[in-house]
Structures are given as structure tokens and as C-alpha cells.
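As a plain string of letters, each chain reads:
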Amino acid sequence: MIKRGFIIFIALAAFSCQSAEELKTEQYFAEGYQIYTLNCANCHQADGEGMANLYPPLIGSKIIQDKAAMACIIKYGMKDTIIVNGKPFHRPMPANPKLQELEIAEIITYVNMKWGKDSLFTPIATVTKALENCKEN
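Residues numbered from 1 in each chain as written. Predicted model: local features only at pLDDT ≥ 70, side-chain atom pairs only at ≥ 80, totals over all residues. Heavy atoms only, no water.

1. A look at the state of the cysteines
Right, on to step 1. Taken as a whole, this structure holds one disulfide when the rule is applied.
Right, on to step 2. Across the disulfide, C72 is cross-linked to C134 (sulfur-sulfur distance 2.3 Å). In this structure the cystine formed by C72 and C134 twists about its S-S bond by roughly -110°; its chirality is therefore left-handed. Remark: C134 occurs in the segment after α6 (124-133) and C72 occurs in helix α4 (residues 67-76); sequence separation between them is 62 residues.
Right, on to step 3. Here C43 stays free of any disulfide, with the sulfur of C40 as its closest cysteine sulfur at 8.8 Å.
Right, on to step 4. When its relative accessible area of 24% is taken as the criterion, C43 is described as partly exposed. (Disulfide = S-S within 2.5 Å. Helix = DSSP H or I, 4+ residues; strand = E, 2+ residues; numbered from the N terminus. Buried < 20%, exposed > 50% of the residue type's maximum accessible area, 1.4 Å probe, protein only.)

2. Details of helix α2 (residues 20-39)
Structural remark: α-helix, 3.6 residues per turn; residues separated by three or four positions point the same way.
Right, on to step 1. Between the first and last C-alpha of α2 there are 28 Å, a value that for 20 residues agrees with the 28 Å anticipated at 1.5 Å per step.
Right, on to step 2. Those residues of α2 that fall on the buried side of the exposure criterion are T25, Y28, G32, I35 and Y36. The buried residues of α2 occupy an angular sector of 105° when the element is viewed end-on, so they sit on one face.
Right, on to step 3. Against α3 (41-44), α5 (101-115) and α6 lie the buried residues of α2. (Expected span 1.5 Å × (residues − 1). Arc of directions from axis to C-beta. Contact = heavy atoms within 4.5 Å.)

3. Considerations on the environment of A95
Right, on to step 1. Mapped onto the elements, A95 comes out in the loop between β2 (87-89) and α5.
Right, on to step 2. Taking the relative accessible area as the measure of exposure, A95 reaches 38% and is therefore partly exposed.
Right, on to step 3. If sequence neighbours within four positions are ignored, A95 has contacts with I74, K75, Y76 and G77.

4. Regarding the layout of surface pockets
Right, on to step 1. Taken as a whole, the largest pocket spans an internal volume of roughly 450 Å³.
Right, on to step 2. If you go around the largest pocket, you meet 28 residues; those closest to its centre are H44, P56, L58, I73 and M93.
Right, on to step 3. For the lining of the largest pocket, the secondary-structure elements that each account for two or more residues are α2, α3, α4, β1 (82-84) and α5.
Right, on to step 4. A breakdown of the residues in the lining of the largest pocket according to their chemical character gives 21 nonpolar, five polar and two charged. (1 Å grid on protein atoms, 1.4 Å probe; cavity = no way out; pocket = protein on both sides within 12 Å on 5 of 7 lines; lining within 4 Å. Points joined across faces, edges and corners; volume = space filled by probe spheres on them. Nonpolar A, V, L, I, M, F, W, Y, C, P; charged D, E, K, R; others polar.)

5. Details of the packing of α4 against α5
Right, on to step 1. It is at 10 Å that the axes of α4 and α5 come closest, and there the two elements cross at 125°. Taken together, the axes of α4 and α5 lie oblique to each other. Considering how the two elements wind past one another, α4 and α5 form a crossing that is right-handed. Judged by residue contacts, K67, M70, A71, I74 and K75 of α4 engage I104, I107, I108, V111 and N112 from α5. (Axes fitted to C-alpha atoms, helices over the stretch in contact; angles between N-to-C directions. Parallel < 35°, antiparallel > 145°, perpendicular 65-115°, else oblique. Left-handed = near helix turned anticlockwise from the far one by under 90°.)

6. Quick word on the side chain of E106
Right, on to step 1. Note that E106 resides in helix α5.
Right, on to step 2. We note that E106 is buried and unpaired, the nearest opposite charge coming from K24 at a distance of 9.2 Å.
Right, on to step 3. Excluding residues that lie within four positions of it along the chain, E106 makes contacts with Y28, E31, G32 and I35. (Lys, Arg positive; Asp, Glu negative; His and termini not counted. Salt bridge = Lys/Arg side-chain N within 4 Å of Asp/Glu carboxyl O.)

7. Notes on the packing of α2 against α5
Right, on to step 1. It is at 7 Å that the axes of α2 and α5 come closest, and there the two elements cross at 95°. Taken together, the axes of α2 and α5 are roughly perpendicular relative to one another. Contacts from T25, Y28, F29, E31, G32, Y33, I35 and Y36 of α2 reach α5 at L102, E103, A105, E106, I107, T109, Y110, V111, M113, K114 and W115.
Right, on to step 2. Residue classes in the contact of α2 with α5 are distributed as 12 nonpolar, three polar and four charged.

Put into C-alpha cells, the structure is as follows:
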């Protein structure tokens with residue numbers, strides 16, 4: 001019993017030592033995973049590999065690093081051809097008008113931490129500014 005209590009104490013101590021930024025990053029990643037799974041994985045797949053010649057992969061895509069572009073594409077969709085890893089994809093991506101700015105920030109956080117090179121969350125302010133500047137396609 002004492003050993004178990006000690007382990008719980010150590011775990012709580014380690015958890016409480018995380019900064020607010022680290023906690024927010026973990027929260028956005030976890031929430032982003034759930035939202036991605038519900039809204040994006042059907043086409044881009046759970047592993048980010050896309051679907052053959054139909055839907056582009058997120059792995060290796062330079063567009064995921066452009067968070068403003070990602071926010072606009074997630075919210076308003078995309079009708080243009082996109083080139084990913086040297087391969088053109090012509091299918092339109094539907095808009096997700098019901099997703100809130102926080103949810104979009106969480107998706108971008110998840111995608112960039114999973115398949116990009118980010119290690120921190122994407123702030124809501126980044127998404128808000130991007131959506132103010134982009135137009136519906």
C-alpha cells in the first residue's frame with residue numbers, strides 16, 4: 001500500500017511540474033486527435049497517408065506547416081488542385097463550417113505534432129487571424 005501511494009505521489013508531482021504551455025499542448029493534441037478522427041480521417045486516413053489517388057496525404061505535405069492556409073482550408077474547404085509530394089489531387093475538400101476556432105486550432109496542433117515538426121500547440125489567435133484574412137473558396 002505504501003509503495004502504491006508513493007508511485008501516485010511521484011506521478012502527481014511529475015504532472016504538477018508541467019508548465020501551462022505543456023499542459024495546453026497535451027490538451028490540444030488529445031482533443032485534436034478526436035476531432036481529426038471524426039472529421040478528417042475518413043479521407044486523409046488515421047495514419048495521415050491519404051487515400052491512393054483520391055485524397056492527399058498529410059505526411060510530407062508542406063501545406064500542414066502553413067497554419068493560416070490550414071485554418072482556411074479546414075473551415076472553408078478547397079476546390080483547387082493541390083500538389084502533395086509531387087502528385088496532383090483534384091478532388092475538392094468540403095468545408096467544415098461548424099468547426100469552431102478552438103477545434104481548428106486543435107486539429108492543426110494534432111496534425112503538425114503528429115506529421116510535422118511542431119512540439120507546441122497552435123494558438124486560437126493564429127486561427128482567428130487566418131480566418132479573418134482568408135475568403136471562402
